[in-house]
Number of protein chains: 4
Amino acid sequence: MKKTKIGVIGTGRIGKVHTETIAESIPEAEVIAIADINISTAQKLADRFLIRSVSGNYRDVITNPEVDAVLICSPTNTHAQYIIEAAKAGKHIFCEKPIDLDLDTIQNALDAVEEYGVKLMVGFNRRYDSNFKKIKQMVIEGKIGEPHILKITSRDPAPPPPDYIAVSGGMFLDMTIHDFDMARFIVGSEVTEVFAVAGVRIDERIGLAGDVDTAVITLKFENGALGVIDNSRQAVYGYDQRLEIFGSEGMVKVDNNAPDNHDYYSRDGVHSSLPLNFFMDRYIEAYASEIKEFCRAVAEDRPVSVGGKDGLLSVAIGLAAKKSLAAKRPVKVSEVFNGTSHDVNAAHRG
Amino acid sequence: MKKTKIGVIGTGRIGKVHTETIAESIPEAEVIAIADINISTAQKLADRFLIRSVSGNYRDVITNPEVDAVLICSPTNTHAQYIIEAAKAGKHIFCEKPIDLDLDTIQNALDAVEEYGVKLMVGFNRRYDSNFKKIKQMVIEGKIGEPHILKITSRDPAPPPPDYIAVSGGMFLDMTIHDFDMARFIVGSEVTEVFAVAGVRIDERIGLAGDVDTAVITLKFENGALGVIDNSRQAVYGYDQRLEIFGSEGMVKVDNNAPDNHDYYSRDGVHSSLPLNFFMDRYIEAYASEIKEFCRAVAEDRPVSVGGKDGLLSVAIGLAAKKSLAAKRPVKVSEVFNGTSHDVNAAHRG
Amino acid sequence: MKKTKIGVIGTGRIGKVHTETIAESIPEAEVIAIADINISTAQKLADRFLIRSVSGNYRDVITNPEVDAVLICSPTNTHAQYIIEAAKAGKHIFCEKPIDLDLDTIQNALDAVEEYGVKLMVGFNRRYDSNFKKIKQMVIEGKIGEPHILKITSRDPAPPPPDYIAVSGGMFLDMTIHDFDMARFIVGSEVTEVFAVAGVRIDERIGLAGDVDTAVITLKFENGALGVIDNSRQAVYGYDQRLEIFGSEGMVKVDNNAPDNHDYYSRDGVHSSLPLNFFMDRYIEAYASEIKEFCRAVAEDRPVSVGGKDGLLSVAIGLAAKKSLAAKRPVKVSEVFNGTSHDVNAAHRG
Amino acid sequence: MKKTKIGVIGTGRIGKVHTETIAESIPEAEVIAIADINISTAQKLADRFLIRSVSGNYRDVITNPEVDAVLICSPTNTHAQYIIEAAKAGKHIFCEKPIDLDLDTIQNALDAVEEYGVKLMVGFNRRYDSNFKKIKQMVIEGKIGEPHILKITSRDPAPPPPDYIAVSGGMFLDMTIHDFDMARFIVGSEVTEVFAVAGVRIDERIGLAGDVDTAVITLKFENGALGVIDNSRQAVYGYDQRLEIFGSEGMVKVDNNAPDNHDYYSRDGVHSSLPLNFFMDRYIEAYASEIKEFCRAVAEDRPVSVGGKDGLLSVAIGLAAKKSLAAKRPVKVSEVFNGTSHDVNAAHRG
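Structure report, in brief. Keep in mind the model is a prediction, meaning the values are calculated, not measured.

Across the contact, 14 residues belong to chain C and 14 residues belong to chain A. Note on chain C versus chain A: buried area summed over both sides is about 1,200 Å², and carbon and sulfur give 58% of it. The largest per-residue losses of area from chain C upon contact with chain A belong to Tyr-265, Arg-267 and Val-270 of chain C, which jointly make up 41% of the total buried on that side. Counting across the chain C and chain A interface gives 0 salt bridges. Counting residues per element, the ones that place at least two in the side of chain C that touches chain A are strand 13 (263-266) and strand 14 (269-272) of chain C. At 4 residues, strand 14 of chain C tops the list of elements feeding residues into the side of chain C that touches chain A. Among the residues forming the side of chain C that touches chain A, the class breakdown is 6 nonpolar, 5 polar and 3 charged. Judged from the 3 bridges that link them, strand 14 (residues 269-272) of chain A and strand 14 of chain C form a sheet pairing that is antiparallel. Across the sheet, Val-270 of chain A pairs through a bridge with Ser-272 of chain C, a residue of strand 14 of chain C.

As a further point, take the relation of the copies chain B and chain A. For the pair chain B and chain A, the best superposition has an RMSD of 0.0 Å and corresponds to a rotation of 180° with a translation of 0.0 Å parallel to the axis. The superposition of one copy onto the other is thereby described by a two-fold rotation axis. The C-alpha atom lying nearest the rotation axis in chain B is that of Arg-329 of chain B; the distance is 2.8 Å. Of the residues that chain B buries at the interface, 100% are likewise interface residues in chain A, meaning the two copies contact each other through the same surface.

On to the relation of the copies chain C and chain A, then. With an axial shift of 0.0 Å and an RMSD of 0.0 Å, the rotation relating chain C to chain A amounts to 180°. Most of the interface of chain C is mirrored in chain A: 100% of its interface residues are interface residues there too.

Residue and element names in this part refer to chain B. Across the interface, helix 1 (residues 13-25) lies against helix 2 (residues 39-49) with an axial gap of 11 Å and an inter-helix angle of 10°. It follows from the interaxial angle that helix 1 and helix 2 lie roughly parallel. Across the interface between the two elements, Gly-15, Lys-16, Thr-19, Glu-20, Ala-23 and Glu-24 from helix 1 touch Leu-45, Arg-48 and Phe-49 from helix 2. Grouping the constituent residues of the contact of helix 1 with helix 2 by class yields 3 nonpolar, 2 polar and 4 charged.

Okay, the sheet that holds strand 3 (residues 53-55) of chain D next. All names here are of chain D. What the 6 strands build is an open sheet, ordered 3-2-1-4-5-6; its pairing is parallel. One side of each edge strand has no neighbouring strand; the edge strands of this open sheet are strand 3 and strand 6 (120-122). Going across the sheet, the axis of each strand differs from the next one's by a mean of 20°, ignoring polarity. Bridge count between strand 4 (residues 69-72) and strand 5 (residues 92-95): 4 bridges; the pairing is parallel. Counted as the bridge partner of Ala-69 is His-92 from strand 5. Sitting on the sheet, helix 12 (residues 284-299) is in contact with strand 1 (4-9), strand 2 (29-35), strand 4, strand 5 and strand 6, with an inclination near 170° to strand 5.

Moving on to the interface of chain B and chain A. The partner chain A presents 44 residues to the 44 residues of chain B that form the contact. Summed over both sides, the interface of chain B with chain A buries roughly 3,100 Å², with 64% coming from carbon and sulfur. Counting the contacts that link chain B with chain A gives 6 salt bridges. Salt-bridge contacts for Lys-151 of chain B lead to Asp-230 of chain A; the nearest nitrogen and oxygen are separated by 3.6 Å. Counting every contact that joins chain B to chain A gives 11 residue pairs in polar contact (both at pLDDT 80 or more). Contributing elements (two or more residues each) for the side of chain B that touches chain A: strand 7 (147-155), strand 8 (191-199), strand 9 (214-221), strand 10 (226-232), strand 11 (240-247) and strand 12 (250-254) of chain B. Partitioned by chemical class, the residues of the side of chain B that touches chain A number 17 nonpolar, 12 polar and 15 charged.

What follows deals with the pairing of strand 9 (residues 214-221) of chain C. Residue and element names in this part refer to chain C. Counting buried positions over the 8 residues of strand 9 gives 7, a clear majority of the element. The pairing of strand 8 (residues 191-199) with strand 9 spans 8 bridges and is classified as antiparallel. What sits directly across from Val-191, in strand 9, is Phe-221. Here 7 bridges tie strand 9 to strand 10 (residues 226-232), and the two strands are oriented antiparallel to one another. Of the residues in strand 10, the one forming a bridge with Ala-215 is Asn-231. Hairpin connection of strand 9 to strand 10: 4 residues between the antiparallel strands, including Gly-224 at a positive phi of 95°.

Here we come to helix 5 (residues 103-115) of chain D. Residue and element names in this part refer to chain D. Its 13 residues give helix 5 an end-to-end C-alpha distance of 18 Å, which sits within 8% of 18 Å, the value for a rise of 1.5 Å per residue. All of the buried residues in helix 5 are Leu-103, Ile-106, Gln-107, Ala-109, Leu-110, Ala-112 and Val-113. Against the buried residues of helix 5 lie helix 4 (76-88), strand 5, strand 6, helix 13 (308-327) and helix 14 (333-336). Taking the backbone nitrogen of Asp-104 as reference, a side-chain oxygen 3.2 Å away marks Asp-102 as the first, capping residue of helix 5. Positive backbone phi, at 65°, marks Gly-117, one or two positions downstream of helix 5.

Cut-offs applied
- Residues numbered from 1 in each chain as written.
- Chains lettered and ligands numbered in written order.
- Predicted model: local features only at pLDDT ≥ 70, side-chain atom pairs only at ≥ 80, totals over all residues.
- Heavy atoms only, no water.
- Contact = heavy atoms within 4.5 Å.
- Buried area = accessible area lost by both parts, 1.4 Å probe.
- Salt bridge = Lys/Arg side-chain N within 4 Å of Asp/Glu carboxyl O.
- Helix = DSSP H or I, 4+ residues; strand = E, 2+ residues; numbered from the N terminus.
- Nonpolar A, V, L, I, M, F, W, Y, C, P; charged D, E, K, R; others polar.
- Pairing = 2+ DSSP bridges.
- Least-squares fit on C-alpha atoms with pLDDT ≥ 70 in both.
- Axes fitted to C-alpha atoms, helices over the stretch in contact; angles between N-to-C directions.
- Parallel < 35°, antiparallel > 145°, perpendicular 65-115°, else oblique.
- Polar contact = N/O pair within 3.5 Å; in protein donor to acceptor, adjacent residues only side chain to side chain.
- Buried < 20%, exposed > 50% of the residue type's maximum accessible area, 1.4 Å probe, protein only.
- Expected span 1.5 Å × (residues − 1).

Set out below in structure tokens:
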């Protein structure tokens, strides 16, 4: 079997995780080139996994003739440009979320992907979490009948630093974007309208940076389902990631995962373990699964499971949520995105 | 000890429950008079509990000089009038929710209660449920810190008949009203704004009757907390009554109660019991507790715990929700209720 | 309907509970006579429930011609004698467990019951607990197939006073006797052999009184099932009453009941409520159900569900456990009881 | 850093798992030699992980001068001999459980280990399971106070083939041996006496092979604690691995792990996932952890955590259990093992 040759752009936390996964658990692929503007972090990773091509310039990865596919793990504001360049170079692309915070920029990137006939997969890793996958499967099997109400709880253990907040695009595009994607994924229908209420309850510096840290967001779906997402930037008890979907034939919900399942009974009550600490713990297997899925889709030349349309629409919903919050009224997604979001993977599906 | 003498108006399901509770479990009170326009149901209850005064006319209860307090368990549209008459007659009053569907009518009743210096308690029995009481207590003790997000799930096992729907005042005033009261009770702050999305997913006859059967309602509270209620008229798995409150110091949630706590492991999976079937099962102890609380408040001449203001505000929130749904925009509670909702029990608290 | 007239002998804790239950919740029966050597406690109860006949002498209950059935709630060492006298007087009998600590004495009592053709029900109230009833029902329905392994955990929140220990007959006959009955009830087969290991871990005064406070008891059943009971006189976290049965087609287990089902998430972990404190809390509904069952069996003249044989065999197993502990070897139940334990209710079942 | 060079003897299921773990997750070690009498399975593994030395003869691993440590993953009857040869060759040793079924043979192996001053670690992987580790840690921290009662449930999803049963040494030495080790590990005290009851309930061919498939085993510990293990060769609902320890200050228990934590509510009840299927699923991380621990102990020249004494005593308890079952009486461990089980790692601990 010919191994898929992977190039990695950006060797921060997530680039490192993907590189490790491929080296350790995906025999059908190998990382042969990496780049990071901070070349020393790239070099360290290269040394560990015996990767020959190391560079401080992403173009060395994209133009490497041996590379079949690139993983774009660099900062958000570089994603669209790198996608376009990689598409032109005929490389398949895995891009971390979000593709960009601007819908036109995203559309340009997707156009390039379509024009050059490459695959694009967006890093909504939570779709690969065993709990959410189980729910998705049960929804598809009709176990809950017609979906009526979706509830997502998504709370971080601690807010990012104020500096980060300022350039993050705001909580809806930085954090809730995962929940918007999950909502579309689980309900299997498009979000048509968004209403957001929110406030600054955790850290007033977040408010000074023009953002919120606590929110409740109502969603309406094309198929008539209703949804609600609640977010907080700080759950003192840890990373809180739960989902419930209710329908005409039943309800299914998933809880958090914990490091162990002990129950301790003392004079003071019954005690058990807190949820796994943060996304690197909770979703570590999901990260591995999504990269495996991408590598296999490339190797077997089949469509990826999370396409450019998914990357675009989650941003569109996020922008609608921002507009709703500012305008204090429900906002239709069509107010912020009136294009027809053709699925850029459609070409591969024919 | 002198027993408090109780008169019961309306001997339908809930009037019967209260009568039984007093007869069997409240030694400090006794039912001595009952009335129902259907005198035969009243007679049956009287026979069972040896109640001497039975009538087809509610006035015979209200004007009975021996009666200290009346329980108004008749249809909603009679509540306000009976309250006014009972207040004039100097009787303390326990009234099932809602007091009325019209805010002016409610206000008139509360004015009479205040003028004649009697106690009025409204039947928000869920406040006496052991799960919700536990949450309330933990919130008061500061266990969750400042409240940020409240989530209430409230789903009935089956919709009422279409005939009932037509006269019910709509789901928000008939069913969600309990959740509106619970929201105020748990958060300990007033609701200022409501946004409702809803649809007809269970039974199209509900839609033809001008009502909805599935809803997600966002709440904003004076203290900055956000809330969300999700409702369905039909959860095929039974009566679903859950609540969660999240704050700066933690989160507490309660689940449904089940008839037993078995876990059965078979080849097909792990199976356990469904929630208790409906409100008469789930809240049977809460019904008993609220009536005990009322009887004791009368006997000891202390304020009741669920006053006229609580009865009024839950209706006001419900009307705001209806308006929001119709207008497709968030509605401030002050748009539907601009009076100062003085607490009619304030007199007793001084 | 003619009400069954009940006489109560012994108005300590449990006599009081039964009297209340009948007065408040069993319309088809009424307590008309009570006796206690401490006549003042009897008088108090009589005053509360308007019981005319009160005495310091149990014979006044047994010989009362109006009494249909007696509840024997006096100390254990009086049970057998009162049963015999009541049987001679033609009264149906409900007797608290154990009937006696001596098998011959028990057999004499059962003989009298049979001779005079009255009903005898023994107070193994736990059979009426909703959790254990659910398991029993599932076993009968074949949900677990052939039973292979039974596990009972039964731990008290605190040991009784040393004085009580000295006259209790020992932990196996005082406390484990409930578990022996439960084992027979759930497995639906007789215990043939017992092996007990035990020690004094809680309070050395228990050892000085010749008893143990911690034990693990292995059971073999006629149908090939194996069982194990673990006991402690002191679980610092409260009353611990759990059961699990495993068989060829599955396993079912029940957990403790708690006063509420909250889960509190704080920085320190997840916290929930301890089990209900002790038997009066945990089994309060089971006490009511067993007395209802007895009253109905008398009223409808049908066999009781927990007969004299059940009372006898639980003591026989307890004696075998004591012998096993002393002899440090497994002991067959037939070593301590070689009679044929004819079921004294057989007469009523024909 | 110099990598520890590992040789693997036996490339069946477990040898493969350890080889993969070292190759993928333990950068400080590498497998450089493997052997299996079935050389083709060894070759396949070697090809996959680029291992140069492959042989059909285990001696090629033991005598390989580059090898620092060997993993003995061959059939049980070869363990002792290979340990002795490896010890003589100065190699550190990781050996799968059990070392042997004969205590003298084990002792001889341990003597060699001591004589040649090498490390020996025995493969009781469950000690590295996150649930059991959590319990162990809490016991050490004194969270449960003095241990009083230990309960282990250990049930396989399906029995091994009858052929295997015949050469397995019997259920106690093949399956329960893990539970015996876990009992010593958690209680932190030696088992002094064993009493076993058992039967053939799953498959009569197991009985014909002279073995049992269902058992309840009582343990007494030196520190006064009591314990009970229940085993079945077939739980139709999957692999059932639970543990509870109760003491003077509280109780802690752990449940099974499941592939996800969904709860599905339908008309028929509440449904959730069965436990992870079998030991390769449940304990996959524990296998990795134990090998990491061994490699690190070798690299850092510190004592291993599961020594030869642990390997010997679990077999001794198993033999006592077999004797108890045959003799139908409790058997002291000293009846089957009267040597002083000096800890062969003692040398390394000084």
